[in-house]
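# Coordinate inspection notes
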Amino acid sequence: MRRNRILKSVLCAGIVLMFGGTAVFPVSSAEVVYSWHTNDKTIALTFDDGPHPVYTPEILDILGEYGVKATFFTIGQNVEWYNDVFRMEYAAGHEIGNHTYSHQNLRKLPYKSVCREIEQAEELVYEATEYRTRLLRPPEGAFGHDLCKAAAELDYTVICWSVDTLDWAHTPSDEIVTNVLENVKGGDIILFHDYIAGDSPTPDALRVIIPALLDEGYRFVTVSELLNGK
């Protein structure tokens, strides 16, 4: 059983239509993506909560060693605090996504606060890179009507995930490796974190997962490339 590939759909407004790994909401709401239909072994690595002054550079080195591009969903406050590290992500050719300004549960915030969380993070990314991301990952994957409405009005696609590595819970790296290798398939969006309080299992897990999946014929792309079929 593929325990991490259960699709969760939340009714943002009106009727929800399911297509592949996408929950497609009405025009007034945003599109929410968990995975993407593909006929090949294309997958996307994503990293939340960074940048981190130690783990992000280490992860960038590992990705660079294998020529892998990923999508980093950054927190605005961390972009402020570790701006040089953030610029390293962008300079290395990785995709940047919006993970809000202060990592609050958007389901619990009023509409204007949701918009403010998104826009503050967007402006900080733009100030550092002159790049405006159109991908939004809500903290904890928590969203509701206000978030979907805000994302649509601000021209964002909401990106969730289909494989959770549980690295945020300090899961041992060998368990992360087993989880990913046993559950992954083409079109998956894999959730990692480059900012974890305390010791992180993520770099050690990546050193095993990336070459193993490359040997199996998987191809790593950014989220936008996955959605565009590249």
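Anyway, here's the lowdown on the structure attached to this text. What you are looking at is a predicted structure, and each value in this text was computed from that prediction instead of being measured.

### What to know about the packing of helix 3 (residues 83–91) against helix 4 (residues 111–129)
Running from amino to carboxyl end, helix 3 crosses helix 4 at an angle of 75 degrees, the nearest separation of the two axes being 10 Å. As the angle between them shows, helix 3 and helix 4 are arranged roughly perpendicular. For the pair formed by helix 3 and helix 4, the contact residues are Asn83, Phe86, Arg87 and Tyr90 on the first element and Val125, Glu127, Ala128 and Thr129 on the second. The residue makeup of the contact of helix 3 with helix 4, split by class, is four nonpolar, two polar and two charged.

### A look at the pattern of salt bridges
Under the counting rule described, the total for this entry stands at seven salt bridges. For glutamate 58, the salt bridge identified is with arginine 207, shortest N-O distance 3.0 Å. Pair noted here: glutamate 58 is in helix 1 (residues 55–66) and arginine 207 is in helix 7 (residues 202–215), with a separation of 149 residues, a long-range link. By relative accessible area, which is 26% here, glutamate 58 ends up partly exposed. Where salt bridges share partners, they join Glu122, Glu123, Arg132, Arg134 and Asp155 into one cluster.

### What to know about the pairing of strand 4 (residues 42–48)
With seven of its seven residues buried, strand 4 lies for the most part within the structure. Burial of the side chains of strand 4 extends over both faces: Thr42, Ala44, Thr46 and Asp48 are buried on one face and Ile43, Leu45 and Phe47 on the other. Where strand 4 meets strand 10 (residues 189–193), five bridges bridge the pair, whose relative direction is parallel. In the strand pairing of strand 10, phenylalanine 47 is matched with phenylalanine 192. As judged from the three bridges shared by strand 4 and strand 5 (residues 71–74), these two strands associate in the parallel manner. The residue bridging phenylalanine 47 from the neighbouring strand is phenylalanine 72, located in strand 5. Assessed by its sense of winding, the connection that carries the chain from strand 4 through helix 1 to strand 5 is right-handed.

### Some details on the environment of asparagine 98
With respect to the helices, strands and loops of the structure, asparagine 98 is situated in strand 6 (residues 95–98). Exposure remark for asparagine 98: the relative accessible area of 2% places this residue in the buried category. When the C-alpha atoms of asparagine 98 and arginine 132 are compared, they prove to be 9.2 Å apart, with 34 residues separating the residues in sequence. In this view, asparagine 98 contacts Phe73, Thr74, Ile118, Ala121, Glu122, Thr133, Leu135, Leu136, Arg137 and Tyr156; residues no more than four positions away in its chain are not counted. Reaching out from asparagine 98, the side chain makes a polar contact with the backbone nitrogen of threonine 100 at a distance of 2.8 Å.

### Notes on the nonpolar core
Counting 31 residues, the largest nonpolar core has Leu45, Phe47 and Leu63 as the members making the most contacts within it. Those elements giving two or more residues to this core turn out to be strand 4, helix 1, helix 4, helix 6 (173–183), strand 10 and helix 7. The dominant element in this core, judged by the number of residues it contributes, is helix 7, at five residues. Leucine 63 has contacts with Leu45, Phe47, Val68, Ala70, Phe72, His94 and Ile210, leaving out every residue within four places of it along the chain. Counting residues in hydrophobic clusters, the runner-up holds 30 residues, among them Cys115, Ala150, Ala151 and Leu227.

### As for helix 7
For helix 7, with 14 residues, the first-to-last C-alpha span of 20 Å sits near the 20 Å given by 1.5 Å per residue. Contacts made by the buried residues of helix 7 are with strand 4, helix 1, helix 6, strand 10 and strand 11 (219–221). Following helix 7 by one or two positions, glycine 217 has its phi on the positive side, about 95 degrees.

Thresholds, definitions, all that
- Residues numbered from 1 in each chain as written.
- Predicted model: local features only at pLDDT ≥ 70, side-chain atom pairs only at ≥ 80, totals over all residues.
- Heavy atoms only, no water.
- Axes fitted to C-alpha atoms, helices over the stretch in contact; angles between N-to-C directions.
- Helix = DSSP H or I, 4+ residues; strand = E, 2+ residues; numbered from the N terminus.
- Parallel < 35°, antiparallel > 145°, perpendicular 65-115°, else oblique.
- Contact = heavy atoms within 4.5 Å.
- Nonpolar A, V, L, I, M, F, W, Y, C, P; charged D, E, K, R; others polar.
- Salt bridge = Lys/Arg side-chain N within 4 Å of Asp/Glu carboxyl O.
- Buried < 20%, exposed > 50% of the residue type's maximum accessible area, 1.4 Å probe, protein only.
- Pairing = 2+ DSSP bridges.
- Right-handed = clockwise from strand over helix to strand, strands pointing away.
- Polar contact = N/O pair within 3.5 Å; in protein donor to acceptor, adjacent residues only side chain to side chain.
- Core = buried A, V, L, I, M, F, W, Y, C linked by side-chain atoms within 4.5 Å.
- Expected span 1.5 Å × (residues − 1).

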